[in-house]
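One letter stands for each residue in the lines below.
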Amino acid sequence: MTGEAHVKIGFIPLVDAAALLIAAHKGFAKAEGLDIELIREASWANIRDKLAIGRFDAAHLLAPMAVASTLGLGHVRVPLVAPMNLAMNGNAIAVSTALYAELAAEGEVAHPAQTARALAKLVARRRAEGREPLTFGMTFPFSMHNYQLRYWMAEGGVDPDEDLRLIVLPPPYMVENLARGQLDGFCVGAPWSSVAVDAGVGVILHFGCEIFACAPEKVLALRESFADDDHSLVAALIRALDRGAAFVDEPQNLGEVSQILSRPEYVGVDAEIIRRVLTGHLRVKASDERSDANYLIIGRDGAMRPDPRQAEWIYAQMLRWGQTRHSPEMADRAKSVLRPDLFDAAIDCAHIQREIGAFAGPSFGGRSYADYLAGFDIGQRL
Amino acid sequence: MKIVIVDESPIRSLILEEGLRDAGFTQVERIGEMHNLLKHIYASDPDVILIDLENPSRDTLEQMFQVSRAVRRPIAMFVDQSDTASIQASVDAGVSAYIVDGLKKERIKSILDLCVSRFNAFSKLQDDLDQAKSDLEERKTIERAKGILMKAKKLSEEDAYKMMRGAAMRENKKIVEIARSVITAAEMFK
């Protein structure tokens, strides 16, 4: 490559942008001949629009949003491709201390199936008493946060479109709204649930990985036309980010990575909180901590290699919640967003097959959309 | 036609409002408060929503259009998805428009063009203000350094300035940089 290729990449200040931020900061991108310009953004809509019109070459994006943009759901249709995953999991469902007390009064609150049933009882009681429906916050309609909340609630018998309110709020506003009683709970990426716990206004009920075993959370998204224009540039980008992820995953780098991410131009939160997120060791309430090595997976075990079945699964969630209609063409378009071919052209890594999996309900692997959706009591069917 | 401006900067939204009113749009409302944004918007039921691109509440608006039964669905964002020039111009200026109802394309185009020029005018105003502030800071620094030299070397004001200017020329630096060094040195010798 002659000279450095300038690549503009938009990101949202979240820990799951780690591979990208570290690749740029530690010079892994430069070593691949890339001059990465990072641009911090305030909303997913903004990232999507700037990527769509070419103001960005690439972006840190919600995996379902890349699929939605390609299908033209909720917005202008701009075909995107995701040649690599940036993170698996990383979200958590938190509720207000008041709602937590009400749920705990119903019995055990350890397993999502238990809390979902407790939630259904509360919803019914509130309705009988003529009280306002519960309100939950999430970050975007096409997001794993939305699907995690809905999947969990519906397993207990709560219809998220009829029995309560689901609203979109910018992550930094969640905690304040929980404290003011405008929200009863939310599902959001790190570190916002931890912030709510530290502030004494919320309790982490479940990690995202307790709802879905390994859900693609963020991807590196490119315009399809851009990706197909310059394969060597895309490959260089993938290699740089893969090195970034490997650096993040190395336990001896934990302190350095936390420090770098905590800088105001990157994630801008306390290094200690970032450290907790990266190790999957979180405070869940005032006197309680919980660990899960799968809380947030950046690069290990081949997590970065995109698998088109993950996009099919995302499409199935969109069908279930009426975000789109089914057609074989749409299903194929959705599947084509995740591009292992681009990943494999850059990196040789083991192809680990993993079922996304959920804590309850039918499994998706090998079934038709109609079969899968028929396995749920709540939600659309084909 | 009812237009709602969602902007956390009161000055910019005022500039925008004035522009729209001058252009004959009489029903213009500004929302600066981001809490209960949805409630405000439901209450005013606008035909067009203008929001600054850096506003984190953009995601909230997007959801409103997808799920809301209360607000009429948007027909488009920006003028037309094929009109890339308009989209780029508005994104570059920092304004995003959501059109909530089926309005005439020409009408929207004129609103958006107006907003783009107003947003640009605002950012120029902001730049000028920043420049004026930094000019003032520089002048203050030079004055202070001049005072230090006058006192330490028993120089006239004019000679103190000449001395710094000479040093700046020799070292190929700005006078304000020399002035800063003088102040730093003076503080160290204190």
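Residues numbered from 1 in each chain as written. Chains lettered and ligands numbered in written order. Predicted model: local features only at pLDDT ≥ 70, side-chain atom pairs only at ≥ 80, totals over all residues. Heavy atoms only, no water.

Right, let's talk about the pattern of salt bridges for a bit. On inspection of all chains with the given rule, the structure shows 41 salt bridges over all chains. With a shortest N-O distance of 3.1 Å, A:Asp49 and A:Arg48 are connected by a salt bridge. Residue A:Asp49 shares its accessibility class with A:Arg48, and that shared class is buried. For A:Arg339, the salt bridge is made with A:Asp341, and the minimal N-O distance between the two is 2.9 Å. Residue A:Arg339 is classed as buried on the basis of its relative accessible area of 15%. Note on A:Asp341: relative accessible area 41%, which makes it partly exposed. In the salt-bridge network here, residues are joined through shared partners; they are A:Arg48, A:Asp49, B:Arg58 and B:Glu62. (Salt bridge = Lys/Arg side-chain N within 4 Å of Asp/Glu carboxyl O. Buried < 20%, exposed > 50% of the residue type's maximum accessible area, 1.4 Å probe, protein only.)

What follows is about the packing of helix α1 (residues 18–25) of chain A against helix α13 (residues 254–262) of chain A. All names here are of chain A. As a packed pair, α1 and α13 sit with axes 11 Å apart at the nearest point and diverge in direction by 90°. On the basis of their axis angle, the class for α1 and α13 is roughly perpendicular. Each of Ala18, Leu21, Ile22 and His25 in α1 lies in contact with α13, whose residues at this interface are Val257, Ile260 and Leu261. Broken down by class, the residue content of the contact of α1 with α13 amounts to 6 nonpolar, 1 polar and no charged. (Axes fitted to C-alpha atoms, helices over the stretch in contact; angles between N-to-C directions. Helix = DSSP H or I, 4+ residues; strand = E, 2+ residues; numbered from the N terminus. Parallel < 35°, antiparallel > 145°, perpendicular 65-115°, else oblique. Contact = heavy atoms within 4.5 Å. Nonpolar A, V, L, I, M, F, W, Y, C, P; charged D, E, K, R; others polar.)

What follows deals with the interface of chain B and chain A. Each partner contributes to the interface: chain B provides 23 residues, whereas chain A provides 30 residues. Scanning the region where chain B abuts chain A turns up 4 salt bridges. A salt bridge links B:Asp92 to A:Arg55; the shortest N-O distance between them is 2.6 Å. Going through the elements one at a time, α3 (58–67) and α4 (84–93) of chain B are the ones with two or more residues in the side of chain B that touches chain A. Residue contributions to the side of chain B that touches chain A peak at 6 residues, all from α3(B).

Residues and elements named next belong to chain A. Listed in full, the buried residues belonging to helix α5 (residues 97–104) are Leu99, Tyr100 and Leu103. Viewed along the axis of α5, the buried residues span an arc of 105°, placing them on a single side of the element. Contacts from the buried residues of α5 go to β5 (91–96), α6 (112–128), β6 (135–138), β9 (202–207) and β11 (281–285). (Arc of directions from axis to C-beta.)

All names here are of chain A. Ranked by internal contacts, the top residues of the largest apolar core, which has 88 residues, are Leu119, Phe136 and Trp152. Two domains each provide a minimum of three residues to this core, namely domain 1 (5–88 + 217–269 + 298–373) and domain 2 (91–211). Setting aside residues up to four positions removed in sequence, tryptophan 152 forms contacts with Ile93, Pro112, Thr115, Ala116, Leu119, Phe136, Leu205, His206, Ile211 and Phe359. Counting 62 residues, the second largest nonpolar core, distinct from the first, contains Ala18, Ala245, Val284 and Leu342. (Core = buried A, V, L, I, M, F, W, Y, C linked by side-chain atoms within 4.5 Å. Domains from an automatic or database assignment.)

Cis geometry is adopted by the peptide bond preceding A:Pro191, which originates at A:Ala190 and carries an omega value of 5°. Secondary-structure assignment places A:Pro191 in the loop between β8 (185–189) and α9 (192–198). Even without being a glycine, A:Asp301 presents a positive backbone phi close to 55°. Relative accessible area serves as the criterion here: at 43%, A:Asp301 is assigned to the partly exposed category. Of note, the phi angle at B:Lys154 is positive, near 50°, even though the residue is not glycine. With respect to the helices and strands, B:Lys154 occurs in the loop between α5 (105–153) and α6 (157–171).

Turning our eyes to something else, we now look at the sheet that holds strand β3 (residues 58–62) of chain A. Residue and element names in this part refer to chain A. Read across the open sheet, the 6 strands follow the order β2-β1-β3-β10-β4-β13; overall the sheet is mixed. In this open sheet, the two strands that pair with only one neighbour each are β2 (34–40) and β13 (296–297). Alignment of β3 against strand β10 (residues 216–223), held across 5 bridges, turns out to be antiparallel. The residue bridging leucine 61 from the neighbouring strand is valine 219, located in β10. Sheet contacts for helix α3 (residues 44–52): β1 (5–11), β3, β4 (80–89) and β10; angle to β3, the most-contacted strand, approximately 145°. (Pairing = 2+ DSSP bridges.)

Residue and element names in this part refer to chain A. One pass over the structure, following the stated rule, counts 0 disulfides over all chains. Just so you know, cysteine 209 is unpaired, no disulfide at all, and the nearest cysteine sulfur is the one on cysteine 214, 10 Å from it. Among the residues examined, cysteine 214 registers a relative accessible area of 7% and is labelled buried. (Disulfide = S-S within 2.5 Å.)

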